[in-house]
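Structure at a glance
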Amino acid sequence: MAQRQIKLGLVTTGTGGPGDSNRWLDPDIPLDASVNIDWYIDVVRQAEAAKFDLVFIVDSQYITKDSPPHYLNRLEPLTLLSALAVATTHIGLVGTLTTSYNAPFNLARRLASLDLISKGRAGWNVVTSGDAGAAGNYGRDEHYDYETRYGRAREYLDVVRGLWSSYEEDAFVRDRATGVFLDPAKLHALNHKGTYFSVKGPLNIQRSPQGEPVIFQAGDSDYGRNLGAASADAIFTHASSIEQGQAFYRDIKERAAKLGRNPDQIVILPGFTVYIGDSDDQAREAEQHFRRIDQSFEQSLGEFGRSFGWHDFRQYDLDAPFPVQALEFARTSFYTAAKRMTDLAVSRNFTLRETVEFLRAARGSPFVGSPETVANEIIRWFDGRALDGLNIHLGHPSQFTRFTQEVVPILQERGVFRRDYEDTTLRGHLGLEKPRAAPRAKAAEVWPLAASA
Ligand SMILES: Cc1cc2nc3c(=O)[nH]c(=O)nc-3n(C[C@H](O)[C@H](O)[C@H](O)COP(=O)(O)O)c2cc1C
């Protein structure tokens, strides 16, 4: 049997994302990186030259004055990925799009278009929007509660996938001799009428060389994990230790198996920043250096409110016990993350200052060292089933260059990462089966919304 292969994704938050609001001070980063298509093309081509599987574009549709620079001013994912599609040839193109504030017909159409423009390299990171404030940009007073958010997401996926099966693979005859363009028997309306959506179809676009876009998922609650286990081809997550990675990995694959899926057909990809030096000591110094300049305590305190619906924690005494009442503000936001932070603060009797400081310190990367050390550690996590691949945060460009030029060749020598692309589609890179156009069982009949595994 062929050796299992590590998957690599690139995540870029240009001028600086959560936890690194000062990254734009690095002279290697153009001041307008997050809206500069030439810069995106350069870094994505760099990842493609290193044979990366994909580039992942995160997104949100709500900002405050405390949002990090990349969030304040950035390109819309599908527009950006369409431009990248024609500037690259192999790398997968994954965009974050929310099921809470898009119509499914329109989203299915735009993603299918990207899939054709890129010749089968599109992926969709299905999110329900953690930033509750997005509601106000779409005519709603409040964001949906979890039950509704994930209920919509589940039904949404049924609709979008159903629309992608509007045409069978060989529906277009396109025979000039006979004058037959379409075989009408191979065109199917959807006629979906559900709890949240009513969509007739059919969709006016054919399938792509990979069948249909790859589904990614990133929610971490019980709802989110069930959605991922039931419907995703790949999962984005975070892991700060190998044990944490292993627990998440096991949990998702067990949930998938219980739902009758082949667990090997779900690729688990936690995201990491890496710090590389000539020696392990030098790498640790580089990490200290970059992390010191990347974010001040005041910036971390402002940003801390994001998971709690951008609640302003500057109103509290920093040295008083952690204000647990703030969790209420997270109900429709990033509740899973906010609850985890609150539980941590309570269990350790932390003040607000200690909580923010602890989380700042916890942002440290598990992948710090010489190229050899980092490669060894990646393989240890991979062999230990803590991940199927890694999403590498571009971070400081000099560090990403070291990763592509010094760590990737070691992974190749060890036989765990490709030397060249074997395929031209994202599904092909990820080792996923190509789905055929077919009616699918409705998700609501197959898996429960929130019951634990
Ligand atoms: C690795 C990772 C990446 C995420 N990326 C995004 C994103 O780009 N945009 C977004 O709105 N939410 C993103 N989310 C949040 C999820 O969409 C979800 O709404 C949020 O985590 C709250 O739901 P949960 O409690 O199920 O996790 C991400 C979550 C994780 C774990």
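Treat the numbers as computed from the prediction; the structure is a model and nothing was measured. (Residues numbered from 1 in each chain as written. Predicted model: local features only at pLDDT ≥ 70, side-chain atom pairs only at ≥ 80, totals over all residues. Heavy atoms only, no water.)

Some remarks on the sheet that holds strand E9 (residues 214–217)
Basically, it comes down to this: We call two strands paired when DSSP finds no fewer than two bridges between them. Only DSSP runs of H or I covering at least 4 residues are called helices, and only runs of E covering at least 2 are called strands; the numbering of each starts at the N terminus. For helices, the fitted axis covers only the stretch in contact; all axes are lines through C-alpha atoms, and the angles between them, taken along N-to-C directions, range from 0 to 180 degrees. Residue contacts follow a heavy-atom distance rule, with two residues in contact if any of their heavy atoms lie within 4.5 Å.
Taking strand neighbours around the barrel as the criterion, the 8 strands line up as E1-E2-E3-E4-E9-E10-E11-E14 in a closed arrangement whose pairing is parallel. Sheet twist, expressed as the mean angle between neighbouring strand axes with direction ignored, is 25 degrees. The pairing of strand E1 (residues 7–11) with strand E14 (residues 389–393) spans 5 bridges and is parallel. Within E14, the residue paired with Lys7 across the bridge is Gly389. Strand contacts of helix H3 (residues 77–87): strand E2 (54–57) and strand E3 (92–98), with the helix running at about 170 degrees to E3, the strand carrying the most contacts. Lying over the sheet, helix H7 (residues 242–258) contacts strand E10 (234–237) and strand E11 (267–272), oriented at roughly 150 degrees with respect to E11.

Overview of the packing of helix H10 (residues 335–347) against helix H11 (residues 352–362)
Stated precisely, the cut-off is as follows: Less than a right angle of anticlockwise turn of the near helix away from the far helix marks a crossing as left-handed, whereas a clockwise turn marks it as right-handed. In the scheme used here, Gly and all other residues not listed as nonpolar or charged are polar, with Ala, Val, Leu, Ile, Met, Phe, Trp, Tyr, Cys and Pro taken as nonpolar and Asp, Glu, Lys and Arg as charged.
Contact pair H10 / H11: the axes reach a minimum separation of 10 Å and the direction vectors enclose 120 degrees. For H10 against H11, the interelement crossing comes out right-handed. From H10, Met341, Leu344 and Ala345 reach across to H11, where they touch Thr355, Phe358 and Leu359. Split by residue class, the contact of H10 with H11 holds 5 nonpolar, 1 polar and no charged.

Thoughts on the side chain of Asp115
For the record, the criterion: Relative accessibility thresholds used throughout: buried, under 20% of the residue-type maximum; exposed, over 50%; partly exposed, between the two (1.4 Å probe, protein chains only). Charge assignment in this entry is limited to Lys and Arg as positive and Asp and Glu as negative, and neither His nor the chain termini are counted. Basic side-chain nitrogens of Lys or Arg form a salt bridge, by our definition, when they fall within 4 Å of a carboxyl oxygen of Asp or Glu. Think of a polar contact as two N or O atoms within 3.5 Å of one another; within protein, one of them needs to be a possible hydrogen donor and the other a possible acceptor, and neighboring residues in sequence only count if both atoms come from side chains.
Here Asp115 lies in helix H4 (residues 104–117). One buried charged side chain, Asp115, makes no salt bridge at all; its nearest oppositely charged neighbour is Arg427, positioned 6.6 Å away. Among the polar contacts listed, one links the side chain of Asp115 to the side chain of Gln210, at a separation of 2.8 Å.

Looking at the pattern of salt bridges
Where charged atoms of side chains with opposite charge meet at close range, the side chains can pair. In the structure shown here, the tally under the stated rule is 34 salt bridges. Between Arg414 and Glu372 there is a salt bridge; the shortest N-O distance is 2.8 Å. Residue Arg414 is located in the loop between helix H13 (397–413) and helix H14 (426–430), and its partner Glu372 is located in helix H12 (residues 371–383); the two are separated by 42 residues in the primary sequence. A relative accessible area of 34% places Arg414 in the partly exposed class.

Some remarks on the packing of aromatic side chains
Heads up, the rule is: Note on ring pairs: Phe, Tyr and Trp rings are taken, using the six-membered ring of Trp, and paired if centres are within 6.5 Å. Classes follow the plane angle, with under 30 degrees stacked, over 60 edge-to-face and the rest tilted. Each ring is checked for a lysine NZ or an arginine CZ that lies within 6 Å of its centre and within 35 degrees of its normal; such an atom marks a charge sitting over the ring.
Taken as a whole and judged by the stated rule, the model has 27 aromatic pairs. When the centroid spacing of 5.7 Å and the interplanar angle of 10 degrees are considered together, the rings of Tyr150 and Tyr223 count as stacked. Of this pair, Tyr150 sits in helix H5 (residues 146–164) while Tyr223 is found in helix H6 (residues 222–231), placing the two residues 73 residues apart along the sequence. Of the residues examined, Tyr150 reaches a relative accessible area of 6% and is grouped as buried. With a centroid separation of 5.6 Å and an interplanar angle of 70 degrees, the aromatic rings of Phe172 and Phe181 are classed as edge-to-face. Taking relative accessible area as the criterion, Phe172 reaches 22% and is therefore assigned partly exposed. The exposure class of Phe181 is exposed, given its relative accessible area of 51%. Lying over the aromatic face of Tyr71, Arg74 brings its terminal NZ or CZ to 4.1 Å of the ring centre. A cation over a ring is seen here: Arg140 above Tyr144, with NZ or CZ 3.9 Å from the ring centre.

Structural notes on the site of the ligand
What counts here: Note on terminology: near, applied to a residue and a molecule or strand, indicates that one of the residue's heavy atoms is within 4 Å of it. Surface exposure here means Shrake-Rupley accessible area, sampled with a 1.4 Å probe, where a residue is shielded only by the protein chains that are shown.
What surrounds the ligand is a group of 19 residues, the closest being Asp59, Tyr146, Asp220, Ser221 and Thr336. Between an oxygen atom of the ligand and a main-chain N or O atom of Asp220, the distance comes to 2.6 Å. Burial of the ligand by the protein chains amounts to 90% of its free accessible area of 610 Å². Where the shell around the ligand is concerned, the elements lending two or more residues are H5 and E10. Ranked by the residues each element gives to the shell around the ligand, the list is headed by H5, at 3 residues. The class makeup of the residues in the shell around the ligand is 7 nonpolar, 9 polar and 3 charged.

Section: the pairing of E1
Our working rule: When the strands point away from the viewer, a crossover counts as right-handed if the route from the first strand across the helix to the second turns clockwise.
Taken across its 5 residues, E1 has 5 buried, putting it largely inside the fold. On E1, burial covers both faces: Lys7, Gly9 and Val11 on one face and Leu8 and Leu10 on the other are all buried. Bridge analysis of E1 against E2 gives 3 bridges, and the strand direction is parallel. For Leu10, the partnering residue across the bridge sits in E2 and is Val55. For the segment spanning E1, helix H1 (residues 37–49) and E2, crossover handedness is right-handed.

Some remarks on empty space enclosed by the protein
We apply this condition: Computed over the protein atoms alone on a 1 Å grid, cavities are sets of points where a 1.4 Å probe fits but cannot get out and pockets are open sets with protein on both sides within 12 Å along at least five of seven lines; a residue lines them when it has an atom within 4 Å of a point. Grid points are joined across faces, edges and corners, and a volume is the space filled by probe spheres set on the points.
What the rule picks out here adds up to 1 cavity of 30 Å³ or more. Of the volumes computed, that of the largest cavity is approximately 60 Å³. No other element matches the 3 residues that H4 contributes to the lining of the largest cavity. Along the lines of polarity and charge, the residues of the lining of the largest cavity split into 5 nonpolar, 3 polar and 3 charged.

Side note on the packing of H12 against H13
Filter applied, for reference: Working definition: roughly parallel below 35 degrees, roughly antiparallel above 145 degrees, roughly perpendicular at 65 to 115 degrees, and oblique for all remaining angles.
Interaxial distance between H12 and H13 falls to 9 Å at its minimum, and their mutual angle equals 50 degrees. Comparing their axes, H13 and H12 come out oblique. Here the hand of the crossing between H12 and H13 comes out right-handed. Where H12 abuts H13, its residues Pro371, Glu372, Val374, Ala375, Ile378 and Ile379 lie against Phe403, Glu406, Val407, Ile410 and Leu411. Partitioned by chemical class, the residues of the contact of H12 with H13 number 9 nonpolar, no polar and 2 charged.

Here we look at the pairing of E9
Where burial is concerned, the two faces of E9 agree: the one with Val214 and Phe216 and the one with Ile215 and Gln217 are both buried. Pairing geometry for strand E4 (residues 122–127) and E9, over 4 bridges, is parallel. In the strand pairing of E9, Val126 is matched with Gln217. Summarising the sheet, E9 and E10 pair through 2 bridges and their orientation is parallel. Pairing of Phe216 across the sheet is with Ala234, part of E10. Crossover connection from E9 via H6 to parallel E10: handedness right-handed.

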